[in-house]
Every structure is written in structure tokens, then in C-alpha cells.
Amino acid sequence: MDSSRLWLLRPFGERSTLIFLGVLLAAMALVTLLHVAVPPGHPLYVSAYTVNLFGKYLSYALLAVAVDLVWGYLGILSLGHGAFFALGGYAMGMYLMRQIGDRGVYGHPVLPDFMVFLNWDSLPWYWHGFDMAGFAFLMVLLAPGALALVFGFLAFRSRVTGVYLSIITQALTFALMLAFFRNEMGFGGNNGLTDFREILGFNLRSSETRLGLFLATGVALALGYVLCRAIVTSKLGRVCVATRDAEARTRFLGYRVERFQLFVFTVSAMLAGLAGALYVPQVGIINPSEFSPLFSIEIVLWVALGGRATLYGAVIGAILVNYAKTVFTGVMPDAWLFALGGLFVLVTVFLPKGVAGLLALRYRRRAVGSGAFSGKEASA
Amino acid sequence: MRYPPMRGPTSARARAGAAAGGDRASTTRGAWLRLLVLALALALGLSVATPGAAQDGDPGGEAAATALLEALDVSSFPAKGEAIEAIVRSDDPRARDWLQALLDGRLQRTDEGRFVVVLDNAGREWPVEDALNGEALGEMSRRDLDRIGINNALRSQLRSAIAVVDLYAADVDLRRASAERLLGEVDGELAEPLVEVIEAEQDARVRQRLVQALAIHRLEQGEIEAIADLRGSLHPRVRVALNRAMSGDDPLVADAAREALNSIEQMLKVNRAVETLYFGLSLGSVLVLAAIGLAITFGVMGVINMAHGELIMLGAYTAWAMQQLLPGQPGLALMLAIPAGFLVAALVGVAIERGVIQFLKGRPLETLLATFGISLILQQLVRTVISPLNRTVVTPEWMSGSIAINDALSLTLNRMYVLGFALVVFAVLMLIMRRTRLGLEVRAVTQNRAMARSMGIRATRVDIMTFALGSGVAGLAGVALSQLTNVGPNLGQNYIIDSFMVVVFGGVGNLWGTLVAGLSLGVINQVLEPWAGAVMAKIIVLVFIILFIQKRPRGLFPQKGRAAEG
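Residues numbered from 1 in each chain as written. Chains lettered and ligands numbered in written order. Predicted model: local features only at pLDDT ≥ 70, side-chain atom pairs only at ≥ 80, totals over all residues.

As for the overall build of chain B
Piece 1. Assigned secondary structure in chain B consists of 23 helices and seven strands.
Piece 2. A total of 566 residues make up chain B; the buried ones form 44% of that total.
Piece 3. Nonlocal contacts in chain B, meaning residues at least 24 apart in sequence, comprise 65% of its contacts between residues at least 6 apart. (Helix = DSSP H or I, 4+ residues; strand = E, 2+ residues; numbered from the N terminus. Buried ≥ 20, exposed ≤ 12 C-beta atoms within 10 Å, placed from the backbone. Contact = placed C-beta atoms within 7 Å.)

Right, dumping it as C-alpha cells:
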């Protein structure tokens, strides 16, 4: 009992974690202050829209941390983490859909609008229970977790690794995307779930709720970060890094590699699901495009740009890329794909350790937690 | 026989005359016809038609022909119907053209009373030609022309009449098409003369059709022997007739019809299976084409090129560009696009290899990300430079259309060409890898780079050549795909995941595996589609591959021995 508590608390003894948490909390406090205390119209005023945008970035950051956990420390390049993110998002979306109640366009007391539209007469079995927040929030973690558990069990047991694993994770999210596009699936098909009204009784359109969601996402990111740090600094994390660098050798040393992989992969999927659940109420929609292979591979770019196997690098990368995306798509939408594509090439060729690597170089210190990490060894 | 299915006492009497005329006729068609017409003229004493021309032995006579047309220009529709009959009976060589023009509303009369055929009725001035002698009369104002109107009843009468006229055409294709139209349309009036036509018919296929058309009529009359003629026919009309016979009064006929129908259903099942197989192989050949280049760069060299799909896209755009450069010659342009598409894709491939991939040697996951970035850039480049919209690549004439194997099965030509093309590309690649110096060096470098280099093989050069080959094949795939799907910036994206699936499923580094995997995945997809739907079939196939890789991580045909170490 005591040792497990220590295990979770250990990250608080690290300087990097404290700095990260300090910066994160300070940023959250600053945004809150500028939003609440500064009058609208003042140049320093942060609008509800911007708060919402920051909230979105933070949920992406949590997703990037989840990807970094498996890619940076386990050497598994998942091109399907968007699937877990979207599943968590759909679980949350189902809860929000049920909260609409009879205020939908068709005014049906139970059925969401799209089901009335498709002439369904009753709720499909998997929609039951989502009117209860507790159950829905549990499913946010359990649905992606279960998928990761089954998929990971099959994959790691038969030692599918490296590029092969990447490709089948991509196929997984692609198959899910096709499936969720079907109206018969009961998840709103092409349009997905949208038109949400309130969460836990708070109006989703009010700026207070938006601020609350932003802060909740920040807290979730902090907790997720600490959890991941706790995992990678534990003995389990050492085995993971060993697996990443020399899987066969670790196996010969007597470790059941696939169990470590399965555990970390599932935890990462659940974090991704949580990120999705926080993302959906802030953007107000979830549709099958979140399953698209392009989105999943973009997440990997955030991590690569920020710096693999650092965790805080993933956060930096997610925020940087998405901020750039917001700016680019607003100013010159055509150029965004050039920029994104160029980033992929430049980062992999010239910046294998990402922004975090640059920072570490600057302070003549090794990037925290990267251990024996170097591009060549980690890529196998 | 030469009767439009016009009901009424007039045609009833005509039928008797026709039968009588037929009995006495000599075997030559023309003489028989003339007799028929004579009999008719005598029997009916028709006032509208002037079969005098035929009597005079002057079928091309101007006066007679004018009279025939003159009879059309009356206000009463029944009278027009009779005039049409007269034209049919006239044995005039221009009869078909007149009837067709009348059906299309192009048979018109000038203010001077001349009959003309309008060649093109767009605009105000219409080019016309004389209906009688085909002389071009230049353009005429539409106000100077009067259309000879018809109603719906006449329209269907005209269609049947044209079909009957065509049965005597010298052109086999016309006769075939006409016989085709007669299936299920034969009635009492036509039945008896049809026997004669069948006897005179030389072409086996036309004759078979006519026999079937007649048999349908006989079956309707309750003749059980007719079923023997219908057995084995896959035409839907035949099935309709048999179905009707099944629910008829005569139990003997009903049983025979049921039995015949069952055997037809069996044959249909076989045909459907063949069709599914064909579509499956066609889809499979597309997958093979898309994946075979990847099988070389990824499978043999171990380089993950996520921009492979965009190389395919560039190949397809090359085909489009060639057709833009050579307007009016889509076939030639397509042939030239084959080497051009190969070159374009190969050059871009080499640029990618030299510019990015060579710096990421031994880091497959980074290569994956970098090439993915390149794919985004290429897509956006095409979107910006050319257009975000789809472009159409024309299918040359010799590639369009289909081959009808039988009534239920026809194979589209373009798919057949692509299938053949895929096999040729595969064979050539196989030869290159197995029988040339380059193939040998590639295999040496992939098995043991250091050793190959110390044997004097220039590994870098081999890398470039191999990558150019794999990329060029992607370009070829694009040229072929331009014949089957829309050419747009997203073309490649749609194939990249499938291509990787094919390569991984078949076994990395094994070209045969890619061929088998591509074709079988295509067939599986098509077999699943009818009961699962297109999207579900695709999902099932993806899940199947994901599960398959768990079971056999190295694919259908895993490499053995030293090659497996890579």
C-alpha cells in the first residue's frame, strides 16, 4: 500500500515534473484571470472562444502524452491512437446526446434526433446507461481500454512489432472509420453526434462552462502527465525502455515483454479516450473523421516535433502544431498541408529529438528520462 | 411477318393474305415478298398505299415512293398507321430510314410539299436532305418545315415495324438487334411468317434468337414442345415467359416449365459466380498493380514509402496530361502515357529517395513519417497546381464496351485490359528480379548490404535503381487506374492502406505473395459484397487481415532462410 503510493508520488520529486506542473498551472491561472478579471475589449482580455481553443489544445496535449507513452517508451508507433481518442469522444457524445432529452428538433423524449430521422423505434442496447454521467464517464475509459486490450493481446502475443504493428493499427482505425460512417451502426453516421446542450446540468454554451471545461482538461493533463511519469520512472517503465531498445534481449532476461506492452498500451488508450471525452464537449461535435488515419498520424507528428520520450515534449509539440494549424487555416488554408508535410520531413530528418532535444542541448543537459535514447537504437 | 402488330379487322385479313402468300412463295426472300405484297394488294385493295411500284417491278419508283410518304401526311392517326404498314410492305430500300426518321420526328415536309429528313434540329436553321433521293438540300428555316406528327400508339407500332424490317437487312448486326427486340413481342400475326424467316436465316445466333422468340409465343399458346427451345436460355424475357407458363392451367406445361426454369436458375448461379469472380479478379488486379511497386520498395528494400499512393496519383495525372497534349487521340495518348507515367513516377521516386529517405536509413518509423509528409505535400501540390476537382481521363474506343458471353454475363473490356496489364507488369517485374543483373544485385544488397558492397556492388546505385523501379510501377498503376476510377488528388490515399495490407498479407519480400494476396483479397471482397454491403465487406476484409497477421505475422508466404533476417 505504502509502496504503491510512493510509486505514484515519485514524479513529484523530480524537477522536470515540478517545472512542467508549475508552468501548466500558471498558464491555467493566467488564462482564468485574464478571462474573468479583465473587462472585454481590453487588449489583454481572453475571450471565451480563446479559452475554448486552449481547452482543445490541452486535450490534444493529453492525447499526445498518451502516444508518447507508447511510442517514446515502448517503441510502438501507433498510427491508430485516433481510434481510442474518438471512442472516448463517442462515449462522451452519447452521454451529451442523452442529456438533450426532449429538446431535440423532433422532441422525442428518449431517442436522439438522428434515430428519429432514421425511423428507429427504440434505443439500441449499447445506448442504454449513457443517460447516467457516472456510467458514461466510466465507458470513456473502458471502451478504448477494452479495444486496446483485445487488439494488444492479439498483436503482442504473436509478437507483431515495428512497422507491421504501425500498419495494422492504421488499418484498425481505418476500419473503424468506415464502420462509424454507416448509419446502421447507430452513432449518427456521417454527421456524428452534435447539437449538445448541457453537461452535468451546466449549459455548454455559457462561457463559465467553457472555462470549467478548460480547467478540467488542464487538470486531466496534469494528472495524466504525472501518471505517465510515474509509469516510466518505475521499474515497469525501465522494462519498457529495455523492450524498446532491445526486445529480444529483454525477453531472454526473463521478462514477459508482451504483458508490459499490453499494460502500457491499454493505459495509453484509456488516456487517449479521456482526452477525446474532454475534447468533444469543447468542440461540440464528434464524427467519424476523428478516426481518419490522417489524424492519427498527425498526433505522431506532434510527438515527433516536441521530442520523443520526454512527455513534456509531446505537450509542447501538440500545442505548437495545433496553434500553427489554427493560424494557417485561418490565414492561408491552402498552405497548411504544405506546412504540415514539410514539418514531417524536416522534423524526422533534421530534428530527430524534437524541440525538447533542442532545449536539452541548450542547457547542456540530457533530456530528462530519455536515458539511452538515441534515434538509431529506438527505431527498431 | 412484315406486319406491325396493329390490331383490327384490316390486319386480320392481311394476316390471312400473308399466310397465303407465304405458302406459295419461292424460297428467295425478294420474290416471296413481292408475292406477299401482291396478295395483300389484291386482298385489301388498299387505297392509301400504292403498291403499284412493286407490281411494276420498280421498287425504287419515285412516284410510288412519294405516294407512300404522301399517305403519311394525313391528320388521322389510324390512317397514318395504315400508311406505315404500307411502307413496311413496300419493300422499298429506304423504308427503314423513313420509319426511323418518322419515329424520331425528323421526317418533315417543306412548304413546297417536298419530303425531307432533318439531319440536325439544333438552332433555327436545320440541315436537311431529300427523303426520296438522299440529296443534301442545305439548311432550311424551321418555319418552312412541317413535322409529320405521331402519337404513342404509332410510336410503338413504328418500333415493331423497324424490328421487322431489320430482319431482312443484309447486315448481320441489324438482324441480330432486331431478333433481340422480338423476344417476347411475337404475336399471332408474326408467328407464322417467322417460321419462314428462321429457315432462311444463315446466322446461327440470329436464328437461335428467332427460335426462342417464336418458342415464347408457342409456349403462350400452350405448346409444351416449345419449352425444349427455351431450355438453357438465360434471357430474362425467357424466364418471364416460363414463369408465366408455370402458373398456367395446363399442369403438364407448368411442370415442364418449372423444370426448365430450375435448370436455367442453376446456370444463372454459375454465371453469377463467374461474374463475381471476374469482378473480384478485376478489383484484385487493381490491388496488385497498386501494391506491386510497394512490394519492391517496402518488401524488398524495406523502405516504407507512404507517398506510394501519390506516385500512383501522379501516374494517373500523367495519363490525363497526355490526353490533354494529344486531343482527339485518347488511345495513342494512353499508350504513350504508359512509358511517360513510369518515367514521371520513377523520377519523383528517385527525388524522394535521394532527398529524404537516404538520410533515414535504418529508421523505418521515421521514414514512414517523413514519406507521409511528402505524400501530403504532393497531394496539396496537385490540388494547387492542377485543381482540387476530379479530372476525367477518356477511355479509348477499343477499351470501352463489353464482351457478352451470354445473356446473363458480359465482361467489361476496360477491366479486362487492366487485368491483363497487371499480369504483364507482374511478369516483367518477376523477370527483372529473377533474370537480370539488377535483380541479382538487389537481392544481394537486401540480404547483406556490407557483404554485397565488399563484393563490388555499388549499393547506393542499387538503392536508386530499385526505388526508381518500384516508383515507376506505381506510375504504371496510376495509368491503369485512370481507366477505372476518377483521377483526383485523393486517388492515392484511397489505395495506400489497401496496398500495405496486400503486401503484408502476401508476405513481405515476396512478389508471388503480393500477386496471390491481391487477387484473393479482391475476390473475397466481391464475394462478401452481396450479403454484407460494400463498406461492411471492406471492414470485414480489414479485420480479417488484422487477425491474420496475428496468426502469421510474416504473411501468406514468409521468407525463409537468410533473406528472412532482414
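So that's the structure; there's more coming.
Things to note about the overall build of chain A
Piece 1. On a plain count of helices and strands, chain A comes out with 16 helices and four strands.
Piece 2. Taking 21 Å as the expected radius of gyration for a compact globule of 380 residues, we find that chain A reaches 21 Å, a close match to that expectation.
Piece 3. On the principal axes, the C-alpha backbone points of chain A span a range of 60 × 55 × 50 Å.
Piece 4. Counting the 380 residues in chain A, one finds 47% classified as buried. (Rg over C-alpha atoms; globule rule 2.2 N^0.38 Å.)

Observations concerning unusual backbone geometry
Residues and elements named next belong to chain A.
Piece 1. The phi dihedral of Leu200 falls on the positive side, at around 50°, and the residue is not glycine.
Piece 2. Among the structural elements, Leu200 can be located in the loop between strand E2 (198-199) and strand E3 (202-203).
Piece 3. Its identity as a non-glycine residue notwithstanding, Leu311 has a phi of 70°, on the positive side.
Piece 4. Along the polypeptide, Leu311 turns up in the loop between helix H12 (293-306) and helix H13 (312-331).

Describing the interface of chain A and chain B
Accessible area lost during the coming together of the parts is what is often quoted as the interface size.
Piece 1. Each side of the interface is counted separately: chain A has 41 residues, and chain B has 35 residues.
Piece 2. Within the residue set of the side of chain A that touches chain B, elements represented by two or more residues are helix H6 (133-157), helix H7 (162-181), H12, helix H14 (335-350) and helix H16 (375-378) of chain A.
Piece 3. Looking at the side of chain A that touches chain B, the element that brings in the most residues is H7(A), giving 14 residues.
Piece 4. When its residues are assigned to classes, the side of chain A that touches chain B shows 28 nonpolar, nine polar and four charged. (Nonpolar A, V, L, I, M, F, W, Y, C, P; charged D, E, K, R; others polar.)

Digging into the sheet that holds strand E1 (residues 107-110) of chain B
Consider a sheet: its strands pair through backbone hydrogen bonds, and that pairing is either parallel or antiparallel.
Residue and element names in this part refer to chain B.
Piece 1. Ordered in space as E4-E3-E2-E1-E5, the five strands form an open sheet in which the pairing is antiparallel. Each of the sheet's edge strands pairs with one partner strand only, and the pair in question is strand E4 (136-141) and strand E5 (145-147). Ignoring strand direction, the axes of neighbouring strands in this sheet form an average angle of 45°.
Piece 2. Alignment of E1 against strand E2 (residues 115-118), held across three bridges, turns out to be antiparallel. In the strand pairing of E2, Leu107 is matched with Val117. (Pairing = 2+ DSSP bridges. Axes fitted to C-alpha atoms, helices over the stretch in contact; angles between N-to-C directions.)

Observations concerning the nonpolar core
Piece 1. Counting residues in each nonpolar core, the largest one holds 200 residues, and the members touching the most others are Ala64(A), Val65(A), Ala91(A) and Val300(A).
Piece 2. Ignoring anything within four residues of it in the chain, the contact list for Ala91(A) reads Ala136(A), Met139(A), Val140(A), Ala143(A) and Ala277(A).
Piece 3. In this structure, Ala83(B), Val88(B), Val164(B) and Leu167(B) belong to the second largest nonpolar core, which totals 58 residues. (Core = buried A, V, L, I, M, F, W, Y, C linked by C-beta atoms within 7 Å.)

Points about the domain arrangement of chain B
Piece 1. Segmenting chain B into domains produces domain 1 (9-103 + 150-208), domain 2 (106-147) and domain 3 (276-492).
Piece 2. Computed over C-alpha atoms only, the centres of domain 2 of chain B and domain 3 of chain B are separated by 54 Å. (Domains from an automatic or database assignment.)

A short note on helix H14 (residues 308-325) of chain B
Piece 1. When the terminal C-alpha atoms of H14(B) are compared, their 26 Å separation across 18 residues agrees well with the 26 Å that a helix rising 1.5 Å per residue should span.
Piece 2. Most of H14(B) is tucked away: 15 of the 18 residues are buried. (Expected span 1.5 Å × (residues − 1).)

Details of the environment of Leu8(A)
Piece 1. With respect to the helices and strands, Leu8(A) occurs in helix H1 (residues 2-9).
Piece 2. Separated by 226 residues in sequence, Leu8(A) and Ser234(A) have C-alpha atoms that sit 9.0 Å apart.

Quick notes on the confidence of the model for chain A
All names here are of chain A.
Piece 1. With 94% of its residues at a pLDDT of 70 or more, chain A shows a mean pLDDT of 89.
Piece 2. Per-element averaging of pLDDT across chain A places H16 at the bottom with 40 and helix H11 (residues 257-283) at the top with 96.
Piece 3. Below pLDDT 50 for its whole length, residues 366-380 participates in 32 contacts with residues either more than four positions away or in separate chains. (pLDDT = per-residue confidence, 0-100.)

With respect to the pairing of E4(B)
Piece 1. Across the six residues of E4(B), zero count as buried, placing the element largely on the outside.
Piece 2. Hairpin connection of strand E3 (residues 125-130) of chain B to E4(B): five residues between the antiparallel strands, including Gly134(B) at a positive phi of 70°.

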